[in-house]
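Chain residues, written in single-letter form:
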Amino acid sequence: MTERIPFVVMMIYFFQIPLTAQNLVINGGFENYHSCPSAIGNLSNDSRHLKAPTKGSTDYFHICGTNDVGIPKNFNGTQPAFEGEAYAGLYLLSPNDYREYIQFELKEKLGKGNYYKVSFRLSLAEISVLAIQEASVLMTQDPLNIETNQNLSPRRLNRFGVDRFSYVKLKVKRTIFDSDAWALVEGEFEAKGYEKYVTFGNFKDDRHSRTIRLNQKESNQKTLSYYYIDDVSLVLIPRQEFEMNQPFVLDQLQFEFDDFKLTEKAKIEVRKVYAHLHKNPKVHLEIYGHTDDLGSENYNKYLSSRRARAVALYLQELGLDKMRISWEGKGDKMPLYSGTSNKERDANRRVEFVITEFEDH
């Protein structure tokens with residue numbers, strides 16, 4: 001049992017996280033439909049509030065479906081629904097940059113500066129020769145209706161007059177290659193304030209798409225990756241407030257061994273602190289960098305200073321006045337844990353914050 005260092009770490013929430021946050025995606029479970037599907041490429045016609053936003057023929061599957069668009073058996077394999085009695089299916093990769101997409105409508109426009117989590121379930125169809133290694137969604141202000149069956153790159157969106165859009169890269173723990181189970185794919189992002197529609201698919205061309213070939217698969221199609229999708233969700237992450245004069249850490253703001261670079265997840269966490277400081281202009285932020293116990297005292301002092309400085313510079317890049325920030329490296333002298341396990345050392349490689357009253361000299 002490790003000894004906990006008597007160093008107070010506190011974080012409070014302005015809102016209590018509800019047991020079940022409201023899902024802003026309309027028909028994210030695919031259960032609402034106009035009619036039982038009977039043909040492929042039928043998503044826009046048979047389902048409610050769901051659209052294929054391009055000329056790609058996205059599929060809709062339901063337990064009442066016929067002609068190979070039923071559940072669990074269909075024209076691309078066998079897959080029970082993750083929940084309920086329906087799901088969709090689409091090609092994320094196919095020859096000549098052919099792509100299929102699915103567009104979801106949100107119940108309300110997202111609030112500027114708020115943080116949201118988007119998630120869904122994916123399962124690889126048996127027909128697939130390739131498995132995708134990354135996933136993302138496209139956020140837009142208006143519904144898309146684009147006359148193309150190829151990938152929706154930024155250049156192509158601009159060409160079709162889509163002027164307000166952004167991409168959100170999602171967390172994929174490993175290659176999504178399981179044709180039996182449903183993999184969870186999710187990501188957090190800060191809303192720009194115009195987002196009302198979410199589109200899922202592969203937005204890269206064939207050459208830039210990261211894939212893994214499934215050696216056990218044999219097919220005349222050299223580039224073919226088809227996925228089922230279910231249980232789509234987008235929920236608000238409650239805004240955080242931080243207690244004055246009390247040190248706190250952020251779960252996702254940690255560093256790799258011997259490194260001081262901010263990861264994308266770390267930047268999201270720092271932006272949450274910035275949002276609080278922007279809302280409260282009369283507070284000051286103290287930033288303290290820390291390391292684990294590996295390395296010399298002098299080097300750890302230097303490394304911890306670089307970690308604190310990296311956070312301070314990113315806050316300034318976001319727009320925070322440098323006069324409201326102070327930073328310092330503490331080296332390895334103030335660990336959260338005194339043990340030497342990898343998990344404890346990971347936790348000790350951190351940055352801590354203290355919010356105080358701002359004194360304008």
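Reading the values: rules and limits
- Residues numbered from 1 in each chain as written.
- Predicted model: local features only at pLDDT ≥ 70, side-chain atom pairs only at ≥ 80, totals over all residues.
- Heavy atoms only, no water.
- Helix = DSSP H or I, 4+ residues; strand = E, 2+ residues; numbered from the N terminus.
- Expected span 1.5 Å × (residues − 1).
- Buried < 20%, exposed > 50% of the residue type's maximum accessible area, 1.4 Å probe, protein only.
- Contact = heavy atoms within 4.5 Å.
- Phe/Tyr/Trp six-rings, centres within 6.5 Å; stacked < 30°, edge-to-face > 60°.
- Lys NZ or Arg CZ within 6 Å of the ring centre and 35° of its normal.

Engineer: Outline helix α4 (residues 297-318), supporting the account with residue identities and numerical values.
Structural biologist: Along its 22 residues, α4 runs 32 Å from first to last C-alpha, staying within 8% of the 32 Å computed at 1.5 Å per residue. If you check which residues of α4 are buried, you get Asn300, Leu303, Ser304, Ser305, Arg307, Ala308, Ala310, Val311, Ala312, Tyr314 and Leu315. Of the surrounding secondary structure, the elements contacted by the buried residues of α4 are α3 (264-279), β17 (283-289), β18 (325-329) and β19 (351-357). Of the residues one or two after α4, Gly319 is the one with positive phi, at around 125 degrees.

Engineer: Can you break down the packing of aromatic side chains residue by residue, with the values?
Structural biologist: One pass over the structure, following the stated rule, counts 16 aromatic pairs. Ring centres of Phe30 and Phe104 lie 5.9 Å apart, and the angle between their planes is 70 degrees; on these two criteria the pair is classed as edge-to-face. Of the two residues, Phe30 is situated in the loop between β1 (12-13) and α1 (43-46) and Phe104 in strand β7 (residues 102-105); the sequence distance between them amounts to 74 residues. For the pair Phe30 and Phe104, a shared accessibility class is recorded, and that class is buried. Considering the side-chain rings of Phe61 and Tyr228, the 5.8 Å spacing of their centres and the 80 degrees angle between planes classify their relative orientation as edge-to-face. Remark: Tyr228 occurs in strand β15 (residues 225-237) and Phe61 occurs in strand β3 (residues 59-62); sequence separation between them is 167 residues. Classification of Phe61 by relative accessible area gives buried; the value is 0%. A cation over a ring is seen here: Lys272 above Tyr115, with NZ or CZ 5.8 Å from the ring centre.

Interpretation in functional terms is not warranted from these geometric data alone.
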